[in-house]
Amino acid sequence: MRHTQIQQFVVSASQMAAIESRVFAAGMPVAALMEKVAGLITRRVCELYPNARTTFGILVGPGHNGGDALVVARELHFRGYGVKLFVPFASLKELTAHHARYAASLGIPQVALADLANCTVLIDGLFGFGLTRPLSGDIAAAVDQINTWQKPVLSIDLPSGLHTNTGAVLGTSVRATRTFCLGLWKQAFLQDQGQDWIGQAELLDFDLPLADIVEVLGTPPDLCRITPQRAIAALPIPRSITTHKYREGHLLLVCGSRQYAGAALLAAQAARASGVGMLSVAVPESLRLMVVAQVPDALVWGCGETDDGAIAQLPEDLNLADYTAIACGCGLTRKPVSLVKQLLEAATPLLLDADGLNILARLDPVPTLRNRPAPTVLTPHPGEFRRLFPDLGAASGREEQGDSQNDPCGNRIDAARRAAQQSGAIVLLKGAKVAIGTTQHPAVWLNPDSTPALARGGSGDVLTGLLGGLLAQAARRHLPLEPVVAAATWWHAAAGRLAAAAHSELGADASTQIRYLPRVLQSNDFNDFDDSNDFGF
């Protein structure tokens, strides 16, 4: 129960400081908490490296992060491991200085940086959460030297040099193999910028009182990390034994072109996997028979098309009011501007992806979205996001092509939130860590677990089909859409991870991802589902 609740929370540096201040004000001694935290870290380190011949180089900072590191050093020393300390600061906080003196009395050596080169594993306790100034001078040079050694590095709370909120590198940063996030997830762990530096992340829960967490973060909190339990709770399961197809939503997919025929098939097949009661697919007439053959359980509309095979217009007898949700954009091309305008005017929940977004970007998107008579969901990658929200684009991440780094203090969480506030739409900003901005609470949903296996053509079409089908079911049941968008994001990423585990990251193509969508709901995450929630979100 507590584990599930704690996993949902995400904090900024100021929020974490406020929670800890409440704990200390209530009487928890700082020294006692340091001992508890360091004990948890030590236990995990010993589990990871049970061979007592392992030698540890401990990087000690001036604050309480350095104090944690010194207690870990002491405990590893008592367990028979070889330990060396690198303490590059002349002045230490009082409690940290006490631990440094005791470590010296035990004979744990303080050494020069070069002497750590022969250690098996390094433990980074230089800086914790709250760092805002770039590393510079000797300490920056030391961090850069450490990174060249390519040794396993275990960072305490955050890799030293990362901004707690954005994950941006402040000058330089320790490149960790594994990071022990302490107490609550920091925003950096859910930002794309920090992923190459954090390594494998795990949360060490040291029993911060839930009442203090909720008092600072609110109910519900502004940010919510998507957990399997939270995602599954938003799925349309279990179904009533007396349900029928007309109660389970009717999705209209408007997609495809002669150039991008496969996008229509992928989206339709993923929509089918969502369990939607009825599926209709509108494609250029030249694709109709192909879609019928591949997705025989869908109702397929052949549309008038342009000379180059894009949809020119919908059939006259297709009534948009007949559908509980519409998804548009996969393989559409940028030609059907009038079609997208028509869909934007429909009083039906609308999902726009790919070229649907590129067309929207030419239609004064913010006023257009605000004037829509029904909810809208947008699923942009960073390049599409910049075209839709050019004033927010610097915070959204990297370009879809190339490795040019944007504003190093860019904040994708803030970008998704502000885009949703401006437009009134639900904005799913794609990336290694998806951020979903909403106008409700939580204002941002964050997906913590994905896989680089999804970084290939067709993955977006799979997400659009799956999400469209779930939106249709939620709208038919008059349920809020925001949790459904979060659930679809989690489900798609989970299918990608299962596919990669079975076929490697190189073998989890879009068609394979679709085959693994049903298997996600047969996994332990589903069987162990616990929908209890004391905080009502």
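What you see is a predicted model; the values in this text were computed from it and never measured.

Draft legend 1. Up close: the side chain of Thr172. You can see Thr172 is positioned in the loop between β5 (153–156) and β6 (178–182). What makes Thr172 buried here is its relative accessible area of 8%. A distance of 2.5 Å separates the side chain of Thr172 from the side chain of Asp144, its partner in a polar contact. If sequence neighbours within four positions are ignored, Thr172 has contacts with Leu135, Ala140, Val143, Asp144, Ser160 and Gly161.

Draft legend 2. Seen up close, the packing of helix α3 (residues 30–48) against helix α4 (residues 64–78). One way to put it is that α3 packs onto α4 with a least axis distance of 8 Å and a crossing angle of 55°. Of the possible angle classes, the one that applies to α3 and α4 is oblique. Viewed along their axes, α3 and α4 form a crossing whose handedness is right-handed. Counting all contacts with α3, which are made through Val30, Met34, Glu35, Val37, Ala38, Ile41, Thr42, Val45 and Cys46, the residues of α4 involved are His64, Gly67, Asp68, Val71, Val72, Arg74, Glu75 and Leu76.

Draft legend 3. Summary view of the pairing of β5. Residues Val153 and Ser155 of β5 are buried on one face, and the alternating residues Leu154 and Ile156, pointing to the opposite face, are buried as well. Here strand β4 (residues 121–125) pairs with β5 via 3 bridges, running parallel. Bridge pairing in β5 places Leu122 opposite Val153. Running through helix α6 (residues 137–149), the crossover from β4 to the neighbouring parallel element β5 is right-handed. Taken together, the 3 bridges between β5 and β6 define a ladder with parallel strand orientation.

Draft legend 4. Looking closely at unusual backbone geometry. Looking along the chain, the bond that leaves Thr219 and enters Pro220 is cis, with omega of -5°. Along the chain, Pro220 turns up in the loop between α8 (210–217) and β9 (223–225). The peptide bond linking Ile237 to Pro238 adopts the cis configuration, its omega dihedral lying at -5°. Examined against the element boundaries, Pro238 turns out to sit in the loop between α9 (228–233) and β10 (250–254). Of note, Asp207 is a non-glycine position whose phi angle comes to about 70°, a positive value. Position of Asp207 among the secondary structure elements: in the loop between β8 (200–204) and α8. The phi torsion at Ser504 lies on the positive side, around 80°, for a residue other than glycine. Following the sequence through the fold, Ser504 ends up in the loop between α18 (482–503) and α19 (510–520).

What counts as what
Residue positions are given per chain, counting from 1 as you read along its sequence in written order. In view of the model being predicted, local features appear only for residues whose pLDDT reaches at least 70, and side-chain atom pairs are presented and counted only at 80 or more, with totals across whole chains, interfaces and linings using the full set of residues. Side-chain descriptors were evaluated using all non-hydrogen atoms of the structure, hydrogens and water having been removed beforehand. Helix and strand definitions here come from DSSP, where helices need a minimum of 4 consecutive H or I residues and strands a minimum of 2 consecutive E residues; each element is numbered from the N-terminal end. Relative accessible area decides the class of each residue, using a 1.4 Å probe on protein chains only: under 20% of the type maximum gives buried, over 50% gives exposed, and in between gives partly exposed. Nitrogen and oxygen atoms within 3.5 Å of one another constitute a polar contact, given that in protein one can donate a hydrogen and the other can accept it, and given that sequence-neighbouring residues count only through two side-chain atoms. We call two residues in contact when some of their heavy atoms are within 4.5 Å. Comment: axis = line fitted to C-alpha atoms, over the contacting stretch for helices; angle = value between 0 and 180 degrees taken between N-to-C directions. Oblique is the label for any angle not covered by the other classes, which are roughly parallel (under 35 degrees), roughly antiparallel (over 145) and roughly perpendicular (65 to 115). Take the far helix as the reference: if the near one is turned anticlockwise from it by less than a right angle, the crossing is left-handed, and if turned clockwise, right-handed. In this scheme, strands are said to pair when DSSP sees at least two bridges between them. Convention used here: a crossover is right-handed provided that the path from the first strand, over the helix, to the second strand proceeds clockwise when the strands point away from the viewer.

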